[in-house]
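# Coordinates in review
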Amino acid sequence: MATAAFVEFSLVVRRQSNFLNPSHLLQPHTHRSLLSLTIPKLKSAALSFTQSQGFGCAIERQQCKEQERGDFVVTSAVRELTGSLTSAQGHRFAIVVARFNDLITKKLLEGALNTFKSYSVREEDIDVVWVSGSFEIGVVAQQLAKSSKYQSILCIGAVIRGDTSHYDAVVNAATSGVLSAGLNSGTPCIFGVLTCDTLEQAFNRAGGKAGNKGAEAALTAIEMASLFEHHLKPLQ
């Protein structure tokens, strides 16, 4: 139940002297409180009432800090569906890997395989499919996803910016291709394609100081496979 704080303020007016009497110039201005009101103070903003020099009171709106993160509270009527990262034993995965920039993609693949292994995925439940480049990932991922043999498809590639606009074309094609593969098949297709400006950035994300994005993508594949298998399968 929402609670309301209250703020009390007074309205004041200045007694005007008789303009016909010049003695008012020698008398100090006096003030008299007319009324006192109590109004609710909103949680999202505070109203500050300050006395003006010549025209009564002015209202200034001030923003205040939130004291709570949100009003939404999970109750017994709210059903939450989440994927599990406890174990992926029994799930089958396919990994589509671009051969172009294989100095990077091989490291990403290694990170993904190590993650699957640590979550009890058997080697015989993982199929690795190599394609020429990131541009070709989407169509292959869609064919694998439509086969209904896999709980999730992991897509791995590396696109590094060059001197021409070829980079933008490949990135857009790879992104939309992986997205379309998942939407058209109903099987989660995970985007694990690096899009970097330099080779150094790519190495940093393939096991360097920024971690291994192939391993992170494998975790996403496990979580999505669990979510679809246990909660969303009847919706397919």
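Bear in mind the structure is a predicted one, so any value in this text is a computation, not a measurement.

Helices and strands together make up the secondary structure of the protein chain, namely five helices and ten strands. Considering the protein chain as a whole, with its 236 residues, one finds that 30% of them fall into the buried category. Residue pairs in contact within the protein chain that sit at least 24 positions apart in sequence constitute 71% of those at least 6 positions apart. Carbon and sulfur atoms make up 54% of the accessible area of the protein chain, which totals about 15,700 Å².

Looking now at the pairing of strand β8 (residues 189-196). Burial analysis of β8 places six of its eight residues in the buried class, the great majority of the element. You can see the chain leave strand β7 (residues 152-160), run along helix α3 (residues 166-185) and come back into β8, and the turn it takes is right-handed.

Our next topic: the environment of aspartate 127. Structurally, aspartate 127 is set in strand β6 (residues 126-131). Ignoring sequence-local partners within four residues, the contact set of aspartate 127 consists of Arg92, Phe93, Ala94, Ile95 and Tyr150.

Glancing now at helix α1 (residues 102-118). Turn by turn, an α-helix covers 3.6 residues, leaving residues three or four places apart pointing in a common direction. An ideal rise of 1.5 Å per residue puts 24 Å on 17 residues; α1 measures up with 24 Å between its terminal C-alpha atoms. Directly after α1, the chain includes serine 120, whose backbone phi takes a positive value near 65°.

In this section: the environment of glycine 177. Relative to the helices and strands, glycine 177 resides in helix α3. Judged by relative accessible area, which is 17%, glycine 177 ranks as buried. In sequence terms glycine 177 and glutamate 136 are 41 residues apart; their C-alpha atoms lie 8.4 Å from each other.

What follows is about the nonpolar core. Counting residues in each nonpolar core, the largest one holds 24 residues, and the members touching the most others are Phe93, Ile95, Ile104, Phe116, Leu154, Ile156 and Leu194. In this structure, Val96, Ile153, Tyr167 and Val193 belong to the second largest nonpolar core, which totals 19 residues.

Moving on, we come to the state of the cysteines. Taken as a whole and assessed by the stated rule, the structure comprises zero disulfides. Free cysteine cysteine 189: the closest other cysteine sulfur is in cysteine 155, separated by 5.4 Å.

Now for a nonpolar patch on the surface. Side chains of Leu103, Leu199 and Phe203 sit close together on the surface and give an oily, nonpolar patch of about 290 Å² of accessible area. Tracing the sequence through the fold places phenylalanine 203 in helix α4 (residues 199-204).

In this section: the pairing of strand β5 (residues 93-98). A regular strand places its side chains so that they alternate between the two faces of the sheet. Within β5, six of the six residues are buried, which leaves the element mostly enclosed by the surrounding structure. Going residue by residue along β5, you find Phe93, Ile95 and Val97 tucked away on one face and Ala94, Val96 and Ala98 tucked away on the opposite face as well. Here β5 pairs with β6 via six bridges, running parallel. Residue alanine 98 lies in a different strand from β6, and its bridge partner there is valine 131. Taken together, β5, α1 and β6 constitute a β-α-β crossover, and its handedness is right-handed. Of the pairings in the sheet, the one linking β5 to β7 comprises five bridges and is parallel in character. Residue pairing in the sheet places isoleucine 95 in a bridge with leucine 154 of β7.

Right, let's get into the sheet that holds β7. Taken together, the four strands give an open sheet; going across it, the order is β6-β5-β7-β8, and neighbouring strands pair in parallel fashion. Both outer strands of the open sheet, β6 and β8, are each paired with one neighbouring strand and no more. Pairs of neighbouring strands in the sheet enclose a mean axial angle of 15°, with direction left out of account.

Calculation notes
- Here, residues in each chain are numbered from 1, in the same order as that chain's written sequence.
- Given that this is a predicted model, residues contribute local features only at a pLDDT of at least 70 and side-chain atom pairs are listed and counted only at 80 or more, while totals for whole chains, interfaces and linings are drawn from all residues.
- Side-chain measures were taken over the full set of non-hydrogen atoms in the model, leaving aside hydrogen atoms and water.
- Secondary structure elements follow DSSP: runs of H or I of four or more residues count as helices, runs of E of two or more count as strands, with numbering from the N terminus.
- Three labels apply to residues, based on accessible area from a 1.4 Å probe with only protein chains included: buried if under 20% of the type maximum, exposed if over 50%, partly exposed otherwise in between.
- The contact rule is simple, with two residues in contact once any of their heavy atoms fall within 4.5 Å.
- Throughout, the Shrake-Rupley method with a 1.4 Å probe supplies accessible areas, and for residues the shown protein chains are the sole cover considered.
- We call a crossover right-handed when, viewed with the strands running away from us, the connection from the first strand over the helix to the second turns clockwise.
- In this analysis, the expected span of each helix is defined as 1.5 Å times one less than the number of residues it contains.
- To qualify as a nonpolar core, a set must consist of buried Ala, Val, Leu, Ile, Met, Phe, Trp, Tyr and Cys residues joined through side-chain atoms within 4.5 Å.
- In this description, a disulfide is simply a cysteine sulfur pair whose atoms lie within 2.5 Å.
- Note that patches include only residues with greater than 30% relative accessible area and no salt bridge, and the join distances are 9 Å for like charges and 5 Å for nonpolar side chains (Val, Leu, Ile, Met, Phe, Trp, Tyr).
- Between Lys or Arg on one side and Asp or Glu on the other, a salt bridge is scored when a side-chain nitrogen of the former is within 4 Å of a carboxyl oxygen of the latter.
- Strands were regarded as paired on the criterion that DSSP finds at least two bridges between them.
- Under this scheme, a helix contributes an axis fitted over its contacting stretch, all axes are lines through C-alpha atoms, and angles between N-to-C directions fall in the 0 to 180 degree range.

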